[in-house]
Amino acid sequence: MVRYVISLTSRPPKLLIGMERCYKGQILESLLMKLPRSPKLRRLFLAAALLLVCQPAFAEKRVALVLGNSAYQNVPSLSNPVNDSAVIAAKLKEAGFDVVDSRHDLPAAETRRALRDFADAARDADIAVVYYAGHGMEVDGTNYLVPVDAKLERDTDVYDEALSLDRVLVAVEPAKQLRLVILDACRDNPFAKTMKRSVASRSIGRGLAKVEPTSPNTLIAYSAKAGSTALDGDAKNSPFTLALANHLTTPGLDVRKAFGFVRDDVLKTTGNRQEPFVYGSLGGNDVPLVPAKLAPVAAAPNPQAEARADYELALQIGNKDAFNAFLAQHPDGFYANLAKIQLAKIAAEEARVAATEKARLAEQERARLAAEGAQKAQQAKADADAKAAEQARLAAEKAKEVAQAQATEAERRRAATDIPSTRGTPDNNVPDNQPAGNAAGGGTNLASLNAGPPPAELIRSVQSELRRVGCLTGAADGEWNAASQRSLALFNKNAGTKFDVKLASLDALDAIKLKPSRVCPLICEHGFKADGDQCSRIVCGAGSFLNDDNECEKRRGKTPTAKREPDQRPDRAAQARPKPVRPQASGQIVCDDHLCHPVERGCHLEFRSSLEGGGRLGGGSNVQVCN
């Protein structure tokens, strides 16, 4: 659309044709010849004509009817049509169609009623679209949509139980600019296998028949070329519907080019087995279903952009000279107040360092005098000086903490305020006369700043530095999550700092940057040990193994034991019993009925009468008696 810009000055109006194209611009050519001669009247008349004629192209009315039949009652049901129709209906609603009537699993009577209601909605529409997914068939060159309650026992039943494509074209006929019918119905028809032929010459085709619309500005899109069938695919949606969802509602894309992209996608997805086809023609102008998005209006230049950039540079340097140079360039305004807060923080830190050094020297002097046994008056004066220096050090420490807290809060809120400006919204709402307050006196007025999370750039910087000093193992993703908070807590523990782990602050970033090397200890897995900034594998020597404490431990050898055969093992009970000691001979001899032998040592001879053994009277002999 051509935009006509009028120069509303005392000079004759000029017509500048440029940025957009008005499809009714030719009307202005006749109006220009009839403008009044008065310059003032000419300007008013031309302005009114432009407002009436050059209306935005996206003001047109667009309506759509979406039908999906899956639950067929007399043949096996289909899985995809209801899902396909839901996807297309959602896309059309998202594209801003004025009416999107979505129906599924309709019988014949309700389908006719839906088409009749849609025809009423299309009477004042510029674009009318009908999408149908389900069974379709061709009989004698005429295409029919099959409702879910159709039986189609014979070929002539299609006239009573199905709806012809012509009936659908009648429903979109009232649309002025574009009439579009999309049929995802080129499936293998199960009715044709059992349908009885009343006339042998009547043909029942495979898929849908070729059609040529008779009305202008009408397009009929098939999911597969005439005479062929479409594929449902392995997903919950057919390849044709997925391609439609990707291209049909692209803003500013001509509908014919959109179907060209759909054809290419389906051919690629199905391995050239299915080729969508479009019948009908349009004029020379592009006809998109969704108008092109207007180019965003360039944001007005931010008067504080230069000051913000200089302040951020001074903040990165972080010393007094940088902030004094910034104040010399920008003595007033919001960022000047922030620079003064930073200077107050630096001054408080310098005062703390000086007080700490003074307290250390005073304590050394007191200890020296006490060791040398100085006079009591000198020791008392040194004790008082050390006590006063320590109190000054504590006061400076507290003032430094207050100044640092104020600077941290100011930076956190500044970062939150800068977030909208990064999206193209100027931050002119921040007043230049924002009072900075006094860090030493307490109370910084930051009421005009809105609280919010720190920007992702600051978080990523803090995370990167935490990774460098070994406190963070995850990625620097710009999200201040629980892992990032634990890493900052670990830094506080090992570096002796007390930063708030709930947010990523510039003070924390500056403190981490000051650490030249690793702060958090390197933690290695079992089997590895810390070796500088890396984990190296622990290798144990021969005869050793790695125990649970991650240390090499020497293996204990097994003690060898001797084995004996069972028949060679002596009787342990026999070994335990002592052997009897045979008494030694005493030099006497004793004889019995068989032989004589010496009397054993420890034994003696006794005479025994034969009467004791039951012998005859007067008999007897010596016997050996051993105790």
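### Details of the environment of Lys-345
Line of reasoning, step 1. Checked against the element boundaries, Lys-345 lands in helix α12 (residues 334–372).
Line of reasoning, step 2. In this structure Lys-345 touches Ala-403, Gln-404, Ala-407 and Asp-507, once residues within four positions along its chain are discounted.
Line of reasoning, step 3. One polar contact links Lys-345 to Asp-507, side chain to side chain, over a distance of 2.5 Å.

### Comments concerning the pattern of salt bridges
Line of reasoning, step 1. Applying the stated criterion across every chain, the model contains 21 salt bridges.
Line of reasoning, step 2. Lys-61 is the salt-bridge partner of Asp-124, the closest N and O atoms lying 2.9 Å from each other. Residue Asp-124 is found in the loop between α4 (108–121) and β5 (127–133), and its partner Lys-61 is found in the loop between α2 (39–53) and β3 (62–68); the two are separated by 63 residues along the sequence.
Line of reasoning, step 3. A salt bridge links Arg-352 to Glu-349; the nearest nitrogen and oxygen atoms lie 2.8 Å apart. On the criterion of helical spacing, the pair formed by Arg-352 and Glu-349 is a turn pair, its members being three residues apart in helix α12.

### Side note on the sheet that holds β3
Line of reasoning, step 1. Overall, mixed pairing links the six strands, which are arranged β4-β3-β5-β9-β10-β11 in an open sheet. Pairing within the sheet leaves two strands with one partner each, and these edge strands are β4 (99–104) and β11 (277–281). Averaged over all pairs of adjacent strands, the angle between their axes in this sheet comes to 10°, without regard to strand direction.
Line of reasoning, step 2. Of the pairings in the sheet, the one linking β5 to strand β9 (residues 178–184) comprises seven bridges and is parallel in character. Across the sheet, Tyr-132 pairs through a bridge with Leu-183, a residue of β9.
Line of reasoning, step 3. Of the strands in this sheet, β5, β9 and β10 (218–222) are in contact with helix α8 (residues 239–247), which crosses β9 at around 145°.
Line of reasoning, step 4. Taken strand by strand, helix α9 (residues 255–269) contacts β9, β10 and β11, and its axis lies near 15° from that of β9.

### Things to note about the environment of Arg-103
Line of reasoning, step 1. Mapping Arg-103 onto the fold places it in strand β4.
Line of reasoning, step 2. For the pair Arg-103 and Leu-67, spaced 36 residues apart in sequence, the C-alpha to C-alpha distance is 5.0 Å.
Line of reasoning, step 3. Every residue in contact with Arg-103, bar those within four places of it in the chain, is listed here: Val-66, Leu-67, Gly-68, Ala-114 and Asp-117.

Reading guide: rules and limits
- Residues numbered from 1 in each chain as written.
- Predicted model: local features only at pLDDT ≥ 70, side-chain atom pairs only at ≥ 80, totals over all residues.
- Heavy atoms only, no water.
- Helix = DSSP H or I, 4+ residues; strand = E, 2+ residues; numbered from the N terminus.
- Contact = heavy atoms within 4.5 Å.
- Polar contact = N/O pair within 3.5 Å; in protein donor to acceptor, adjacent residues only side chain to side chain.
- Salt bridge = Lys/Arg side-chain N within 4 Å of Asp/Glu carboxyl O.
- Pairing = 2+ DSSP bridges.
- Axes fitted to C-alpha atoms, helices over the stretch in contact; angles between N-to-C directions.

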